[in-house]
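# Results of the structural survey
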2 protein chains.
Amino acid sequence: MIINIKPITLVLGILLATLGCAMMVPSLYELYYFDPNWSVFAISGLFTLFIGVTLAFASRGKVEFLSIKEAFLITVLSWVVLTTFGAIPLYLSTLNISYTDAFFETMSGITTTGSTVLSDLDEMSGGILLWRSLLQWLGGIGIIVMALAVLPMLQVGGMQIFRAESFDTAGKILPKATDIAGYISLLYIILTVLCIAAYYMAGMNIFDAVNHALTTIATGGFSTHDSSMGFFDDQLIETICIVGMILGSLPFGLFLIALNGNPMALLKNSQIHWFLGALAIFTFMAWRSQAVGGFEPGSLQLRDAAFNIVSIMTGTGYATVDYSQWSNFAVTLFFIVMFVGGCAGSTSCGIKIFRFQVIYISVKQRLFGFLYPNGTYLPRYEGKRMADDVPYAVMSFLFLFLFFFCLISMILSLQGYDILTAMSATGTAMANVGPGLGNIVGPAGNFAPLQDSTKWLLSFAMLLGRLELFPILVIFLPTFWRD
Amino acid sequence: MIINIKPITLVLGILLATLGCAMMVPSLYELYYFDPNWSVFAISGLFTLFIGVTLAFASRGKVEFLSIKEAFLITVLSWVVLTTFGAIPLYLSTLNISYTDAFFETMSGITTTGSTVLSDLDEMSGGILLWRSLLQWLGGIGIIVMALAVLPMLQVGGMQIFRAESFDTAGKILPKATDIAGYISLLYIILTVLCIAAYYMAGMNIFDAVNHALTTIATGGFSTHDSSMGFFDDQLIETICIVGMILGSLPFGLFLIALNGNPMALLKNSQIHWFLGALAIFTFMAWRSQAVGGFEPGSLQLRDAAFNIVSIMTGTGYATVDYSQWSNFAVTLFFIVMFVGGCAGSTSCGIKIFRFQVIYISVKQRLFGFLYPNGTYLPRYEGKRMADDVPYAVMSFLFLFLFFFCLISMILSLQGYDILTAMSATGTAMANVGPGLGNIVGPAGNFAPLQDSTKWLLSFAMLLGRLELFPILVIFLPTFWRD
């Protein structure tokens, strides 16, 4: 099986051209406000567009067949290449930051992580803020399309469980992957516009409304203020944000099915039940965790608990308060919640709810097997028989996640960081959340003081988590490159 | 299926009678030295013996058949009942401790954990020290017999992989479980005597030699000195100890096969290769971790690294230095090493090497599957085809381990402990290691200041880990008690 370079460069070219066009948005914005960064975005955009168009043209022609290896290479390379180019305007801008910082910020954006090395956001040029938000928004839609169209086919981490769902259950109405991508993108745009409108009506200015809507639906978490959503200190805005983050964490494929005349598909989905149930339980715990720390838990504390739990569990990463100050219990709770994640086929990351469901089904099967060694228990997921390879795949995912979590944590502590900083920074990067714990990477900290090598390592961890580990590992296998 | 109480009470009776007899050992020792505790041990011993004999006699008769449910109940109840009675002499002794402390210390002993609430060991009455060591020694042989004879039949946590090995590969020479238990016990006694002799010849007095040999082969870790093995500060003693801890962590079933004329069984065993390989890698890392902290790593540092890594990974828990002072890297390293464990069918605990092997095989199978979706890859373990249910079982074990680790850590931090204390105390209890990290439960600390409820919770965690989770969970299932 020889790897054909043409389809790879074709896709990369198209994506780069799109990214180049996207850079025109902050360029026009800055031009309107006479900000010197307009030319940075314009030049970066034209350069990216030029490279993209050239690549695409050079690779034009009919693609007959896309092999598995080519699909893996496209998946990994597109995120790396887009990050490399997306960092250019940040590097060249008036921010005066190193390329390491620009790359970290872009990777954090495009993977919808939301960890930042930038501060003084409130005084920052609007184009740069807009670019950060756009990166997260583009990353968000990118990941949904990937999760629906690419990962199930590649059978990554148990995602094959959704192969049937994403393409079949909607009947013949949405038969092709490209059509699905189109409908999903439309839905994504509509949700974003609704979110902009809601934020605006709740009192945000239009710039804040646009930026926060882009990063809310993408469960990204970049803000235009150093104090994040805490800047507004407004119950209505936080409620809108909670709704937006939850919508961004639901399975987008099901939205389509619901809109196609089957709204029960959303209501009856067990993954959504588990997701909302977990949010409720963790919110209650976070609320009580303030009582442990000596605060009287009232309605304000409940609001703080709900907002920050939703923000961390969906992997968004906005903060309104420094929850690590609540109590020791809150620290442990948020550390654990960080890994949970949202539903498959959404913009959220982490281990994801469906994997916990698969594991739960397998554990139930085992316990049943203990008591009735001769009985038969057929595992079912969402009413359908679960294929035997799904628990294997989930187990492999979980173990690799743990393995890389331990490995990267060890390297970080080897670089001198304490165990809480090392482990929470690794966890927050791999689960694409945003804030970790401790003084540097915690909700009140900033990633800027980290060493350059740490920033590169965490960028790698973000990509590893965002692509669900396997695509990256597969291309590092020697057999991948053998015939 | 009605649960027959008779075989359960019969086994409990026999075990209690044995425990009662064992209490006579410290009683005689104290009598010889005119220590007032002799009567405490004598009375506790006679009482335990009386209860045991009464139970056994009341349940005598031919046991035709042992059902799965009865086997589970025997497994769980025997550890709980033995701990309850084993704590009596500690509670009544001149130590003047609460029953909570006595129960915690006994559970820590019998599960070969080695966490202690006692201090001033150097001035303590010899009988009490001897009783602690005996508890670990009895717990060690108990767990080997259980791992070889009971857990594989109950298919706990993937242990069915050893069902064939423990009973078949030795041919017809060792056909029955009771015979195996006899041979294993003999081997265990021989190893202990050799260890006593080695310690004695290396310069320990006979009392220290006996106590430390009992807790070395059992990978328990109770010492007769507050400063643990660091008290002797002797390279030869530490080397003997390392060899003893490693021997205690190897699969005892393979020792029998080797002694039956097939020594290659030990040399060719992949689990042993992985185990020794992991020890070597972690020792190297621990050695280098001292350089990170600014210490010049020489041969003394290598000795410290080797001793403490072997002690923690095998779940023994002796300490010679406070390794948490070496560097941040050392803290993270020891936190992770704590969970690894030794080989199946040994006295060591933790996740255990064979589970990592099964996971590795499964991950390899998955990665292969990505690249060759139409190929077939038959997973093999130790040269034999691995049954399909093994990875399932291992996954269920790993997930339940993680789940209870998170749950118990959260409860501990709810009780007010910081995240490092909460997580490392939970980990060290579930993996039956001994020391955790931080001021209270760390290698230089003591478990005494913990709250009573915490001590009960950690006692439960030790039992949960020692019995590989499933037996305890199964008897808590409502269906277990239904017909």
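Below is a summary of the structure that appears in this document. (Residues numbered from 1 in each chain as written. Chains lettered and ligands numbered in written order. Predicted model: local features only at pLDDT ≥ 70, side-chain atom pairs only at ≥ 80, totals over all residues. Heavy atoms only, no water.)

What follows is about the overall build of chain A. A tally of helices and strands in chain A yields 20 helices and two strands. Relative to the 2.2 N^0.38 estimate, which gives 23 Å for 483 residues, the radius of gyration of chain A is 22 Å and therefore close to what a compact globule would have. Dimensions along the principal axes, computed over C-alpha positions, put chain A at roughly 75 × 65 × 50 Å. Within chain A, the fraction of its 483 residues that count as buried is 62%. (Helix = DSSP H or I, 4+ residues; strand = E, 2+ residues; numbered from the N terminus. Rg over C-alpha atoms; globule rule 2.2 N^0.38 Å. Buried < 20%, exposed > 50% of the residue type's maximum accessible area, 1.4 Å probe, protein only.)

As a further point, take the nonpolar core. The biggest cluster of nonpolar side chains holds 307 residues, and the ones touching the most others in it are Y199(A), F335(A), Y199(B) and F335(B). The biggest single contributor to this core is helix 5 (residues 126–154) of chain A, with 13 residues. Ignoring any residue separated from it by four or fewer positions in sequence, one finds Y199(A) in contact with M204(A), A209(A), H212(A), A213(A), T216(A), M229(A), I237(A), I240(A) and C241(A). (Core = buried A, V, L, I, M, F, W, Y, C linked by side-chain atoms within 4.5 Å. Contact = heavy atoms within 4.5 Å.)

Counting residues at the interface gives 54 residues for chain A, matched by 54 residues for chain B. Both faces combined, the contact of chain A with chain B buries some 5,100 Å², and carbon together with sulfur accounts for 79% of it. Viewed at the interface, chain B and chain A are joined by zero salt bridges. Inspection of the chain A/chain B interface yields four residue pairs in polar contact (both at pLDDT 80 or more). Of all the secondary-structure elements, those providing two or more residues to the side of chain A that touches chain B are helix 3 (68–92), helix 12 (270–292), helix 14 (328–337), helix 15 (353–371), helix 16 (389–414), helix 17 (419–430), helix 19 (470–476) and helix 20 (478–481) of chain A. With 15 residues, the single largest contributor to the side of chain A that touches chain B is helix 16 of chain A. (Buried area = accessible area lost by both parts, 1.4 Å probe. Salt bridge = Lys/Arg side-chain N within 4 Å of Asp/Glu carboxyl O. Polar contact = N/O pair within 3.5 Å; in protein donor to acceptor, adjacent residues only side chain to side chain.)

Residues and elements named next belong to chain A. With twelve residues, helix 8 (residues 206–217) should reach 16 Å at 1.5 Å per residue; the first-to-last C-alpha distance of 16 Å fits that figure. Counting buried residues along helix 8, ten of its twelve residues qualify, which places the element largely inside the surrounding structure. Residues of helix 8 that are buried: F207, D208, A209, N211, H212, A213, L214, T215, T216 and I217. The backbone nitrogen of F207 has a side-chain oxygen 3.1 Å away, supplied by the residue at the start of helix 8, namely N205. One or two steps after helix 8, the chain reaches T219, where phi turns positive at roughly 40°. (Expected span 1.5 Å × (residues − 1).)

All names here are of chain A. Scanning the model with the defined rule gives twelve salt bridges over all chains in all. K455 is the salt-bridge partner of D101, the closest N and O atoms lying 2.7 Å from each other. Placement of D101 in helix 4 (residues 99–110) and of K455 in helix 18 (residues 452–466) is noted, with a sequence separation of 354 residues between them. For the pair formed by D101 and K455, the shared burial category is buried. Linked through salt bridges whose partners overlap, the residues forming this network are D233, E238 and R303.

Another aspect to go through is the relation of the copies chain A and chain B. For the match of chain A to chain B, the screw axis carries a shift of 0.0 Å, the RMSD comes to 0.0 Å, and the turn is 180°. The operation mapping one copy onto its partner corresponds to a two-fold rotation axis. Taking C-alpha positions as reference, the residue of chain A nearest the rotation axis is M395(A), located at 2.9 Å. Interface overlap between copies is the fraction of interface residues in one copy that are interface residues in the other; for chain A against chain B it reaches 100%, indicating a shared surface. (Least-squares fit on C-alpha atoms with pLDDT ≥ 70 in both.)

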